Amino acid sequence: MYMSDEGTDTLNVGDDSVGTPPPVKCPDCDLCDGSGRILGGIPTILPWWPIKPYRPCPNFIANGGKYSRIGQPLDEIAFGRGNIDTEDDDF
């Protein structure tokens, strides 16, 4: 990317400092990375494994945090079954 020395035409590429960082959910925790979740399953042994299962951090739950699952359920990944309520059948 080219940058101009004329003042107003300057484009700063790579300046990702816009906004504030998200708040730390589980500060000063020795079990998780501060996100309130702990990596488990196969990726703890093989970090390149594409499926990353997480579980709630016990310190996060003990401090009153509410863990909410995100992502795909195991049935959808392993067996191709989705949630029946969210499927669109427009036949």
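Data block above holds the structure.
Notes on the structure follow.

Thresholds, definitions, all that
Residues numbered from 1 in each chain as written. Predicted model: local features only at pLDDT ≥ 70, side-chain atom pairs only at ≥ 80, totals over all residues. Heavy atoms only, no water. 1 Å grid on protein atoms, 1.4 Å probe; cavity = no way out; pocket = protein on both sides within 12 Å on 5 of 7 lines; lining within 4 Å. Points joined across faces, edges and corners; volume = space filled by probe spheres on them. Helix = DSSP H or I, 4+ residues; strand = E, 2+ residues; numbered from the N terminus. Core = buried A, V, L, I, M, F, W, Y, C linked by side-chain atoms within 4.5 Å. Buried < 20%, exposed > 50% of the residue type's maximum accessible area, 1.4 Å probe, protein only. Contact = heavy atoms within 4.5 Å. Phe/Tyr/Trp six-rings, centres within 6.5 Å; stacked < 30°, edge-to-face > 60°. Lys NZ or Arg CZ within 6 Å of the ring centre and 35° of its normal. Patch = residues over 30% accessible without salt bridge, like charges linked within 9 Å, V, L, I, M, F, W, Y side chains within 5 Å. Areas by Shrake-Rupley, 256 points an atom, 1.4 Å probe, with all protein chains shown as cover. Salt bridge = Lys/Arg side-chain N within 4 Å of Asp/Glu carboxyl O.

### So, the layout of surface pockets
If you add up the space inside the largest pocket, you get close to 690 Å³. Around the largest pocket sit 22 residues that line it, and K52, P53, Y54, Y67 and I70 are the ones nearest its centre.

### A word on the environment of I77
Secondary-structure assignment places I77 in helix 2 (residues 74-79). As a C-alpha pair, I77 and I51 span 26 residues in sequence and 9.2 Å in three-dimensional space.

### Section: the nonpolar core
C26, C29, C32, I38, C57 and F60 form the largest nonpolar core, which has six residues in total. When neighbours within four sequence positions are excluded, C29 is seen to be in contact with C57 and N59.

### Things to note about the packing of aromatic side chains
Working definition: an aromatic ring pair is given by the centre-to-centre distance plus the angle between the planes. In the structure shown here, the tally under the stated rule is one aromatic pair. Aromatic pair W48 and W49: ring centres 5.8 Å apart, planes at 55°, arrangement tilted. By relative accessible area, W48 is classed as exposed at 63%. What makes W49 partly exposed here is its relative accessible area of 29%. If you follow R37 out to its NZ or CZ, it ends over the ring of Y54, 3.8 Å from the centre.

### As for a nonpolar patch on the surface
There is a patch of nonpolar side chains on the surface, built from I42, I45, L46 and W48 and spanning about 460 Å² of accessible area. Relative to the assigned elements, W48 resides in the loop between strand 1 (37-39) and strand 2 (54-56).

### Digging into unusual backbone geometry
Within the chain, D28 stands out as a residue other than glycine whose phi angle is a positive 55°. Secondary-structure assignment places D28 in the segment before strand 1.

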